[in-house]
Amino acid sequence: AIYGSERPASTGPNLFIDSQATPFLQAVAQFHTTQWQASASINGQTPQTSAWQPVYAPWDHSHQVGQIAWSSPEDAHAALNAAADYQAAWAQVAVTERADIFRRMAQLMQTHLAELVALCQREAGKTLQDSIDEVREAVDFCYYYGARAQEISEQPLEITDLTGVIRRYQRQPRGVWVCISPWNFPLAIFLGQISAALVTGNTVVAKPAPQTSLIAYRALELLYQAGLPKQALHLVLGAGEVGAALTSATQVAGVAFTGSTPTARHIYRALAQRPQIDTPPVLIAETGGQNAMIVDSTALPEQVVKDVLLSGFASAGQRCSALRLLCVQEDIAERVFDLLQGAMAELRLGDPRELATDVGPVIDQVAQTKLEAHLTNLGAKTHILAQTPIPEAYQQQATFVAPTAIRLQSLDQLGEEEFGPFVHLLTYRANELPQLIQQINAKGYGLTLGIHSRNETTAAYIEACARVGNTYINRNQIGAVVGVQPFGGQGLSGTGPKAGGPHYLASFTHLVECGVGD
Ligand code: NAD
C-alpha cells in the first residue's frame, strides 16, 4: 500500500519548489504558437503518405497545434519488416550503450522541458501541473529502465541445485515488439513501453493514440537525437485499424498495450487468430479501472474531500487510477458530501495553459459524447449532488465535461469504466463493509483502491479483502512514482507485470541457460 501524502522525490525537474517558476512559464509561453508536425517514420524516413491534416486543441477547436500525415496498414507492415531486419544487429549492441541512449534522452527531455510542457498542454489539453508531471514520469522511465536493464544483464540469475551445481540464466531479447499507447499519458506511457523494449535489445514499432501523435513524434525525434539508431524504432500513426494491422502480423514477438479493456479484448482475439501461430506473442495489457475509495466513520472529512477532488477530477478524471466510486460510511456521509459540494463549486475549468485552471477539457468529442450519454442513461434513478458548471466561453468549440458527483442507489447502476470527471457516491452501514468490498471485487476490475480510515484494523481488513493492483491509504489515489511505486492492476485492469517496477523488463526477454559449473 502507498501511505501518506504526495509523491516522493523523482529524478525529473520539480519547478514549483524553486525560484525558476516565472522564467519557466515565460519559456513555455514561447511555444504557445509553435506548429508541430508528425508522420510515420520507417528507418527514419517518411513513407509516401496521405495529405497533411490539421490538428486542433481540445480546449479550443480553432486553435491549431500542428498537422499530421496519417499512416496506412501498408505502412504498418513496412515498419514491421524494417524492425525485423534490424533486430539481430540491435541485440548485439552492448546493454550499457543502449542504456546510455535513454540516459541522454532523459537529459534531452529536461533541456526541452518548456516545449514538451507546451505541447502536452496544447495537444492533450493537460494542465500545467499535469504536463510537468508527464515529462517527469517520462524522464524517470528512461533512467529507471536503463539502470534496470544493466542490472539484470550484469547479474545473471543463478540457481544452485541440491548437489551444488550452479545453473546460470541470462536474458535475451524476444524480437520485434509492437507498442500501443493511449493519449492520457502521451509521453510517459509512450516512452515507458518503448524504452523497456529497446533497452532490453528488442526492436520496436510504436503506434501512439491518434489524439496525441504530435507528442509521440517529437519524442521520436529526441530519441534519434539521443543516438538511437533509426532502424531500431519505427513509428506509425493512426487509429484502431493501423493498430490491428500491427497486432495481426506474424513478425510480432510481443505487444505492449496500454488502453481500454475493450481494446485489450480485441488484441487478445487478434493475437489468437493469427494465421501462423508458431511463436505465440507475449501480451502485456494495462487497462481500465472502476476504482473505489472506501471511507469509514473515523476518517477526516476535510482530508477525504481534498483527496476526492484530486483523485476524481484532476486531469478531468482521465487517469486509469482515477476515483469512480466513493463509498462513505453513513455516519459521516452527509458531512463529507456537504464539503464536497462546496469544494466542487470552487473548481475552475478552462484553458489548460492558464495557471489557475484546475480542470481542462476531455480529449475529444467521442469522449465527451460517451460521458454525456452515461449521465443520460443513469437518468431518474440517480441524484446529482454537485456539478461544476462549464464556463460559457468553453461551451462551444471545445470538449469540456462538467465535473459531477452522482448519488447512486446501488452499485448495480455502475457498468464499465467511464473515463472522465464523474465520481459516483454510495453510502454503507458498518456491518455492510464485507458485502461492499465483495460487490466492488465482483465488477472484475482491479486497478486502484483508496482507503480513508484512522482505524488501522479496518484499513488492513479492507486492503486484505480487495483485489486491486495499488492501494492508497489516507491520501489521493492517483500517481505512482517510477521505481518507487510499481503500478498496474489485475483482473480486467491488466495482465501485469507492474510498470516502473523491478519485474517489468523481464517480460521483454527470454530467460536462457548460459552455462553449467560446480
Ligand atoms: P483505447 O483502448 O481507445 O486506445 C488505446 C490505443 O489502442 C490507441 O493507440 C488506439 O489507437 C489503439 N487501438 C484501438 N483499437 C485497436 C485495435 N483494434 N487494435 C490495436 N490497437 C487499437 O484507449 P484510450 O482511450 O487511448 O485510453 C484510455 C484508456 O486507457 C482508459 O481505459 C484507461 O483506463 C486506460 N489506461 C490504462 C492505464 C494503466 O496503466 N492501466 C494507463 C493509462 C490509460
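Above this text sits the structure in question.
Reference entry: report on the structure contained in this document.

Basis of the calculations
Residues numbered from 1 in each chain as written. Predicted model: local features only at pLDDT ≥ 70, side-chain atom pairs only at ≥ 80, totals over all residues. Heavy atoms only, no water. Core = buried A, V, L, I, M, F, W, Y, C linked by side-chain atoms within 4.5 Å. Buried < 20%, exposed > 50% of the residue type's maximum accessible area, 1.4 Å probe, protein only. Helix = DSSP H or I, 4+ residues; strand = E, 2+ residues; numbered from the N terminus. Contact = heavy atoms within 4.5 Å. Pairing = 2+ DSSP bridges. Axes fitted to C-alpha atoms, helices over the stretch in contact; angles between N-to-C directions. Near = heavy atom within 4 Å. Polar contact = N/O pair within 3.5 Å; in protein donor to acceptor, adjacent residues only side chain to side chain. Nonpolar A, V, L, I, M, F, W, Y, C, P; charged D, E, K, R; others polar. Patch = residues over 30% accessible without salt bridge, like charges linked within 9 Å, V, L, I, M, F, W, Y side chains within 5 Å. Areas by Shrake-Rupley, 256 points an atom, 1.4 Å probe, with all protein chains shown as cover. Salt bridge = Lys/Arg side-chain N within 4 Å of Asp/Glu carboxyl O. Expected span 1.5 Å × (residues − 1). Phe/Tyr/Trp six-rings, centres within 6.5 Å; stacked < 30°, edge-to-face > 60°. Lys NZ or Arg CZ within 6 Å of the ring centre and 35° of its normal.

## What to know about the nonpolar core
Okay, step 1: One finds Met109, Leu326 and Leu340 to be the most contacted residues of the largest nonpolar core, which totals 136 residues.
Okay, step 2: Among the elements that line this core, the one with the most residues is helix α5 (residues 128-154), at 11 residues.
Okay, step 3: Those residues within four positions of Leu326 in sequence are excluded, and the remaining contacts are Met293, Val295, Val308, Phe337, Leu340, Val423, His424, Leu425 and Leu426.

## Focus: the sheet that holds strand β3 (residues 53-57)
To summarise the sheet geometry, strands pair through backbone hydrogen bonds and adopt either a parallel or an antiparallel arrangement.
Okay, step 1: With mixed pairing, the 3 strands of this open sheet are ordered in space as β2-β4-β3. Of all strands in the sheet, those with a lone pairing partner are β2 (36-38) and β3, marking the two edges. Direction aside, the axes of adjacent strands within the sheet are offset by 50° on average.
Okay, step 2: With 5 bridges connecting them, β3 and strand β4 (residues 60-68) associate as antiparallel partners. Within the sheet, the bridge partner assigned to Tyr56 lies in β4 and is Gln64.

## As for the pairing of β4
Okay, step 1: Relative to β4, β2 runs parallel, the two being bridged by 3 bridges. Pairing of Trp36 across the sheet is with Gly66, part of β4.
Okay, step 2: Hairpin connection from β3 to β4: 2 residues lie between these consecutive antiparallel strands.

## What to know about the sheet that holds strand β11 (residues 282-286)
Okay, step 1: An order of β9-β8-β7-β10-β11 is seen for the 5 strands of this open sheet, with the pairing classed as parallel. At either margin of the open sheet sits one strand with a lone partner, and together these are β9 (233-235) and β11. Strand-to-strand twist in this sheet, taken as the mean axis angle between neighbours without regard to direction, amounts to 15°.
Okay, step 2: Note that strand β8 (residues 203-207) and β9 share 3 bridges and pair parallel. Bridging across to β9, Val205 finds its partner in His234.
Okay, step 3: Strands in contact with helix α8 (residues 240-247) are β7 (176-180), β8 and β10 (252-258); relative to β8, the strand with the most contacts, it is inclined by about 155°.

## Some thoughts on the environment of Glu346
Okay, step 1: Tracing the sequence through the fold places Glu346 in the loop between α11 (330-345) and α12 (365-378).
Okay, step 2: In this structure Glu346 comes out as exposed when scored by relative accessible area, which is 63%.
Okay, step 3: The spacing of Glu346 and Ala480 is 134 residues in sequence and 26 Å in space, taken between C-alpha atoms.

## Comments concerning the site of the ligand
Okay, step 1: Taken together, 29 residues sit near the ligand, with Lys207, Ser260, Thr263, Thr287 and Glu417 positioned nearest.
Okay, step 2: Taking Trp183, its side chain carries an N or O atom lying 2.9 Å from an oxygen atom of the ligand.
Okay, step 3: Interatomic distance of 3.3 Å between a backbone N/O atom of Gly259 and an oxygen atom of the ligand.
Okay, step 4: Secondary structure elements with two or more residues in the shell around the ligand: α8, β10 and α9 (261-272).
Okay, step 5: Grouping the constituent residues of the shell around the ligand by class yields 15 nonpolar, 11 polar and 3 charged.

## Quick notes on a nonpolar patch on the surface
Okay, step 1: Residues Leu157, Ile159 and Leu511 make up a contiguous nonpolar surface patch of about 250 Å² in total accessible area.
Okay, step 2: In this structure, Leu511 sits in strand β19 (residues 509-517).

## Some thoughts on the pattern of salt bridges
Okay, step 1: Scanning all chains against the criterion turns up 14 salt bridges.
Okay, step 2: Here Glu115 makes a salt bridge to Arg218, at a shortest N to O gap of 2.7 Å. Here Glu115, found in helix α4 (residues 113-124), pairs with Arg218, found in helix α7 (residues 213-225); they are 103 residues apart in sequence, far enough to count as distant.
Okay, step 3: You can call Glu115 buried: its relative accessible area is 8%.

## Details of helix α10 (residues 301-313)
Okay, step 1: Between its first and last C-alpha, α10 extends 17 Å over 13 residues, near the 18 Å set by a 1.5 Å rise per residue.
Okay, step 2: Among all positions of α10, only Pro301, Val304, Val305, Asp307, Val308, Leu309, Ser311, Gly312 and Phe313 are buried.
Okay, step 3: At its buried positions, α10 is contacted by β12 (291-295), β13 (323-329), α11, β15 (404-407), β16 (422-428) and β17 (448-452).
Okay, step 4: Just beyond α10, the residue with positive phi is Ser315, at close to 55°.

## Notes on the side chain of Ser311
Okay, step 1: Summarising the element assignment, Ser311 is placed in helix α10.
Okay, step 2: The exposure class of Ser311 is buried, given its relative accessible area of 0%.
Okay, step 3: Setting aside its immediate chain neighbours within four residues, Ser311 contacts Met293, Ala322, Leu323, Asn476, Gln477 and Ile478.

## Here we look at the packing of aromatic side chains
Okay, step 1: Under the criterion given, the structure shown has 7 aromatic pairs.
Okay, step 2: Measuring from ring centre to ring centre gives 5.3 Å for Tyr145 and Tyr504, while their planes differ by 20°; the resulting arrangement is stacked. Placement of Tyr145 in helix α5 and of Tyr504 in the loop between β18 (470-473) and β19 is noted, with a sequence separation of 359 residues between them.
Okay, step 3: An angle of 40° between the planes, with centres 4.3 Å apart, marks the rings of Trp177 and Phe508 as tilted. One end of the pair, Trp177, is in strand β7; the other, Phe508, is in the loop between β18 and β19, and 331 residues separate them in sequence. Like Trp177, the residue Phe508 is buried in the burial classification.
Okay, step 4: A network of ring pairs unites the aromatic residues Phe141, Tyr144, Tyr145, Trp177, Tyr504 and Phe508 as a single cluster.
Okay, step 5: Against the face of Phe185 rests Lys126, its NZ or CZ located 4.3 Å from the ring centre.

## Overview of the environment of Gly240
Okay, step 1: Along the chain, Gly240 turns up in helix α8.
Okay, step 2: Residue Gly240 is classed as exposed on the basis of its relative accessible area of 52%.
Okay, step 3: Taking C-alpha positions, Gly240 is 9.0 Å from Pro210, a pair spaced 30 residues apart along the chain.

## A look at the side chain of His63
Okay, step 1: Its place among the elements puts His63 in strand β4.
Okay, step 2: Exposure remark for His63: the relative accessible area of 15% places this residue in the buried category.
Okay, step 3: Here the side chain of His63 touches Arg122 through a polar contact of 2.8 Å, side chain to side chain.
Okay, step 4: Sequence-distant contacts of His63, that is, excluding residues within four places in its chain, are made with His32, Val55, Tyr56, Ala57, Arg122 and Arg353.

Just distances and angles here, no functional claims.
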